[in-house]
Amino acid sequence: VMTNTYPMQEKKKEMMEEKGKSQKEADEWETLVKEITQVISSKQLLPTMRTQYMRTAFQIPFDATVRVSLDTNLCMISERGYDLQDMHVWHRDPTEVLANNEI
């Protein structure tokens, strides 16, 4: 989205055809994406942290009215100070070893 390569119209069409969304819902989604992109760009926001976790979810089969999720093995990793390569790569090189103070 940030590099203007996201196929917005294709995704909007897919929402309506495959997911049964209305034209109004698809238009609202497109507006929201554009607003978020504008804020990120105008405030020059960059990723600073990545979060990893294991999620376990519990719910009654075939009834999603109540769902409980437990996140374990929570790990927050610093993403500051790394080359973003014109917003094409937002995270560090996964082959590099993390220092203890970066977790």
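Quick note: structure is the one above.
Residues numbered from 1 in each chain as written. Predicted model: local features only at pLDDT ≥ 70, side-chain atom pairs only at ≥ 80, totals over all residues. Heavy atoms only, no water.

Trainee: Summarise the packing of helix H1 (residues 8-18) against helix H2 (residues 23-42); cite the residues concerned and give the values.
Mentor: Look at H1 against H2: their axes get within 9 Å of each other, and the N-to-C directions meet at 145°. Note that H1 runs across H2; the crossing there is right-handed. Listed contacts from H2 to Met8, Gln9, Lys11, Lys12, Met15 and Met16 of H1 are Gln23, Glu25, Ala26, Asp27, Trp29, Glu30 and Val33. Among the residues making up the contact of H1 with H2, the classes are represented as 6 nonpolar, 2 polar and 5 charged. (Axes fitted to C-alpha atoms, helices over the stretch in contact; angles between N-to-C directions. Helix = DSSP H or I, 4+ residues; strand = E, 2+ residues; numbered from the N terminus. Left-handed = near helix turned anticlockwise from the far one by under 90°. Contact = heavy atoms within 4.5 Å. Nonpolar A, V, L, I, M, F, W, Y, C, P; charged D, E, K, R; others polar.)

Trainee: Quick rundown of H2? Include the residues and the values.
Mentor: Over its 20 residues, H2 runs 28 Å from end to end, which matches the ideal 28 Å to within 8%, given 1.5 Å per residue. For H2, the complete set of buried residues consists of Ala26, Glu30, Val33 and Thr37. End-on, the buried residues of H2 take up no more than an arc of 60°, which puts them together on one face. Residues of H2 that are exposed and point more than 90 degrees away from the buried face comprise Lys24, Gln38 and Ser42. Next to the buried residues of H2 lie H1. Gln44 occupies a position one or two residues after H2 and carries a positive phi of about 50°. (Expected span 1.5 Å × (residues − 1). Buried < 20%, exposed > 50% of the residue type's maximum accessible area, 1.4 Å probe, protein only. Arc of directions from axis to C-beta.)

Trainee: Outline the pattern of salt bridges, supporting the account with residue identities and numerical values.
Mentor: Enumeration over the complete set of coordinates arrives at 5 salt bridges. In this structure, Lys34 engages Glu30 in a salt bridge whose closest nitrogen and oxygen atoms are separated by 3.3 Å. Taken together, the residues Lys34 and Glu30, both in helix H2 and 4 residues apart, mark about one turn of the helix. With relative accessibility at 10%, the residue Glu30 sits in the buried group. (Salt bridge = Lys/Arg side-chain N within 4 Å of Asp/Glu carboxyl O.)

Trainee: An account of H1 is needed here, citing residue identities and associated values.
Mentor: For H1, the complete set of buried residues consists of Met8, Lys12 and Met15. Buried residues in H1, looked at end-on, bunch into an arc of 55°, giving them a common side. Along H1, the residues that are exposed and aim more than 90 degrees away from the buried face are Gln9, Glu10, Glu17 and Glu18. Among the structural elements, H2 are those in contact with the buried residues of H1.

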